[in-house]
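Spelled out, the chains give:
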Amino acid sequence: MKIQQNYKLTTVSATANNNYLWDKLKKRAMSVQELEKIFQHKVDQEIKIEPKDWMPDAYRKTLVRQISQHAHSEIVGMLPEGNWISRAPSLKRKAILLAKVQDEAGHGLYLYSAVETLGTTRNQTIEDLHSGKAKYSSIFNYPTLTWADIGAIGWLVDGAAILNQVMLCRASYGPYARAMVRICKEESFHQRQGFEILLVLSKGSPEQRAMCQDAINRWWWPSLMMFGPKDGESTHSDQSMTWKIKRKSNDELRQQFVDMIVEQAKILNVTLPDPALKWNAERGHYDFGEIDWVEFWNVVKGNGPCNKQRLEARRKAWTEGAWVRDAAAAHAEKRKARQQDKAA
Amino acid sequence: MNQTLINYVLHLADNTLILSQRNSEWCGHGPVLEQDIAITNISLDLIGQARSLYQYAATLQGGNVTEDTLAYLRDERAFKNCLLTELPNGDWGQTILRQFFFSTYQHLLYEKLLNSKDETLAAIAEKSLKEVTYHVRWSSEWVIRLGDGTEESHQRIAKALKELWSYTGEFFIPADYETATANEGTGVEIAALQQPWLNKIQDVLQEATLPMPEAKTYMHTGGKTGIHTENLGYILAEMQHLQRSYPGVEW
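Anyway, here's the lowdown on the structure attached to this text. (Residues numbered from 1 in each chain as written. Chains lettered and ligands numbered in written order. Predicted model: local features only at pLDDT ≥ 70, side-chain atom pairs only at ≥ 80, totals over all residues. Heavy atoms only, no water.)

**Considering the overall build of chain A**
Next, step 1: Scanning chain A for helices and strands turns up 14 helices and two strands.
Next, step 2: When its C-alpha atoms are laid out on the principal axes, chain A stretches across 70 × 65 × 35 Å.
Next, step 3: The buried share among the 344 residues of chain A stands at 54%.
Next, step 4: Put simply, 76% of the contacts in chain A that link residues at least 6 apart link residues at least 24 apart.
Next, step 5: Of the roughly 16,000 Å² that chain A leaves accessible, carbon and sulfur atoms contribute 54%.
Next, step 6: Charged side chains in chain A number 50 positive and 40 negative. The centres of these two groups are separated by 6 Å. (Helix = DSSP H or I, 4+ residues; strand = E, 2+ residues; numbered from the N terminus. Buried < 20%, exposed > 50% of the residue type's maximum accessible area, 1.4 Å probe, protein only. Contact = heavy atoms within 4.5 Å. Areas by Shrake-Rupley, 256 points an atom, 1.4 Å probe, with all protein chains shown as cover. Lys, Arg positive; Asp, Glu negative; His and termini not counted. Charge placed at Lys NZ, Arg CZ, Asp CG, Glu CD.)

**Comments concerning the pattern of salt bridges**
A side chain with one charge may pair with a side chain of the opposite charge, provided their charged atoms come close.
Next, step 1: Taken as a whole, this structure holds 29 salt bridges over all chains when the rule is applied.
Next, step 2: Notably, a salt bridge pairs Lys-100 of chain A with Glu-81 of chain A, separated by 2.3 Å at the nearest N-O pair. Remark: Glu-81 of chain A occurs in helix α4 (residues 57-82) and Lys-100 of chain A occurs in helix α5 (residues 91-116); sequence separation between them is 19 residues. Neither Lys-100 of chain A nor Glu-81 of chain A differs from the other in exposure class; each is buried.
Next, step 3: Here Asp-148 of chain B and Arg-338 of chain A are joined by a salt bridge, their closest N and O atoms 2.8 Å apart. Here Arg-338 of chain A lies in helix α14 (residues 322-343) and Asp-148 of chain B lies in the loop between α6 (119-147) and α7 (151-165), a pairing that spans two chains. (Salt bridge = Lys/Arg side-chain N within 4 Å of Asp/Glu carboxyl O.)

**Structural notes on the environment of Met-241 of chain A**
All names here are of chain A.
Next, step 1: Checked against the element boundaries, Met-241 lands in helix α10 (residues 237-242).
Next, step 2: Remark: the alpha-carbon pair of Met-241 and His-70, spanning 171 residues in sequence, is separated by 17 Å.
Next, step 3: With residues near it in sequence (within four places) discarded, Met-241 still touches Lys-246, Arg-247, Lys-248 and Ser-249.

**Remarks on unusual backbone geometry**
Next, step 1: The residue Glu-46 of chain A is not glycine, and still its phi comes out positive at about 65°.
Next, step 2: Mapped onto the fold, Glu-46 of chain A is located in the loop between α3 (32-44) and α4.

**Focus on the interface of chain A and chain B**
Next, step 1: Contacts between the two partners involve 47 residues from chain A, matched on the other side by 46 residues from chain B.
Next, step 2: Interface area for chain A against chain B, summed over the two sides, is near 3,900 Å², with a carbon-plus-sulfur share of 68%.
Next, step 3: If you look at where chain A meets chain B, you find three salt bridges.
Next, step 4: Taking the shortest distance from any N to any O, the salt bridge between Asp-148 of chain B and Lys-334 of chain A comes out at 3.4 Å.
Next, step 5: At the boundary of chain A and chain B, one finds 18 residue pairs in polar contact (both at pLDDT 80 or more).
Next, step 6: Broken down by element, the residue count for the side of chain A that touches chain B peaks at 14 residues, all from α5 of chain A.
Next, step 7: Split into classes, the residues belonging to the side of chain A that touches chain B amount to 27 nonpolar, nine polar and 11 charged. (Buried area = accessible area lost by both parts, 1.4 Å probe. Polar contact = N/O pair within 3.5 Å; in protein donor to acceptor, adjacent residues only side chain to side chain. Nonpolar A, V, L, I, M, F, W, Y, C, P; charged D, E, K, R; others polar.)

**Some details on the packing of α4 of chain A against helix α6 (residues 122-131) of chain A**
Helices that pack against each other are described as a pair by the angle of their axes relative to one another and the distance between those axes.
Residue and element names in this part refer to chain A.
Next, step 1: It is at 11 Å that the axes of α4 and α6 come closest, and there the two elements cross at 70°. Considering their axes alone, α4 and α6 lie roughly perpendicular with respect to each other. The way α4 lies across α6 gives a crossing that is right-handed. Of the residues in α6, those in contact with Ser-68, His-72 and Val-76 of α4 are Thr-125, Ile-126 and Leu-129.
Next, step 2: Looking at the contact of α4 with α6, its residues break down into three nonpolar, three polar and no charged. (Axes fitted to C-alpha atoms, helices over the stretch in contact; angles between N-to-C directions. Parallel < 35°, antiparallel > 145°, perpendicular 65-115°, else oblique. Left-handed = near helix turned anticlockwise from the far one by under 90°.)

**Observations concerning the packing of aromatic side chains**
Where two aromatic rings form a pair, the distance of their centres and the angle of their planes describe that pair.
All names here are of chain B.
Next, step 1: In total, this model carries 26 aromatic pairs over all chains according to the counting rule given.
Next, step 2: In textbook terms, an aromatic cluster arises when at least three aromatic residues are bridged by ring pairs, as seen for Phe-100, Phe-101, Phe-102, Tyr-105, Trp-165, Phe-171, Phe-172 and Trp-197.
Next, step 3: It is Arg-145 that lies over the ring of Trp-142; its NZ or CZ is 4.6 Å from the centre. (Phe/Tyr/Trp six-rings, centres within 6.5 Å; stacked < 30°, edge-to-face > 60°. Lys NZ or Arg CZ within 6 Å of the ring centre and 35° of its normal.)

Now the structure itself:
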């Protein structure tokens, strides 16, 4: 096939050359079907899709939805952990937690920038969060009630996030994949700090051990829910796998998480709140109980313990910061005008 | 044990810890993501300085004293921070102006502390000075942006100026431990920093199109000797809660 032959040339050449040939191809006014074929071929060949490349509208839309949801999760995720900065129990813990929450803000920035490469501004993306149009990870709608929750978030929530994010480092969209590589490096530090908080508590006083176990009991099931609906019920999964945005199914990742955490829980000397949890030698995996899908959908739909508070906190920060952003813009304009006057 | 030196180090440490605690309240709530990161970064720098200073004070005191017992197990009356650092954040303008006043003072202080006969203090000052240089630049740029931004931002920062000015005089009125350490050559003669501080403030306020406040304003004092505003009790109640509720355990 002619297109494929042309395309093969691009697969072996550098990006600049690739773009050159691509432009040539574009000039031939190809049909959408032809363009889609080239696009999918590129994805199949593990060549990253870059912002200026042609891509199907649905691919762009899926990426905007997924990356912005991811960005919002980072930003909203700052709130439950930020809740303990002022009360962190030692100066060292306070400094680590501050640095960690600040990292999340940085992740939000990379991801909002990745969304911008797809043609959606940061302001638009943020407005979609505030209007309720865009979602964020439901896990952050649970409250952080004790210091041990900060450990449990690091260990379980960041642990679940990492499995997803490691997979996304190989996502077909270049800017997303590259952002994820940076994010993953920091996330693995986050998970370790969470585990370490719990490790200290698990070796501490009876009250501390109880605090540790209680936090794990509360965060275990919501963490399993982070991987989303079951494979058969996940709306976007199949297409995302074909596009290589995703490479593992929700259930595969969830199983990987359970297998990993059960082993780590032994070191902490804690139990996981699931009587059905047991090793299945035949499968080579741990079996585990059924997630409470009623709770899952309830939280997704806005009825979690903190949905309202989280969104309200984000809206408040944005609204109350408007005059600051306006002032910065106005001052920049004035400066520019003054410099132009000087030059004239 | 040199109690005067310990008090002086605690005073320096308390300033940075309490302001760090206040700034950290912005984390996750800043007006724009980049500035959320920036103010958190300043908070982190300050807590880093606080840790170095408390660790040094703990060494001077000896026994079971640690950075954490100093931060978490002293009461309001033992804290020696300046009143300005404990004032509520208010809006972004108030937070910025408080930071600008404090960082400008801290920069002048650390510059002098480089020559301290106390090698540890000189080393901490040297390490911190790089951070504080950035804090001064960042906060003064924001004072200018807000003063010379929109009408609303001008009014807000002008209001902050009125509210905070009367807490700046305390910087330059030495407590006993400051006078004694300055005489020993370990501390800094703080009153001498007032004029250079005023000069810097005036330059920035001028660029921000803000009026320089009256020189003869009444100044609130007391923080350095443990007579605080009502704010500090709440800050400590929150900050010290876990250490107080579960005494003697590791975290």
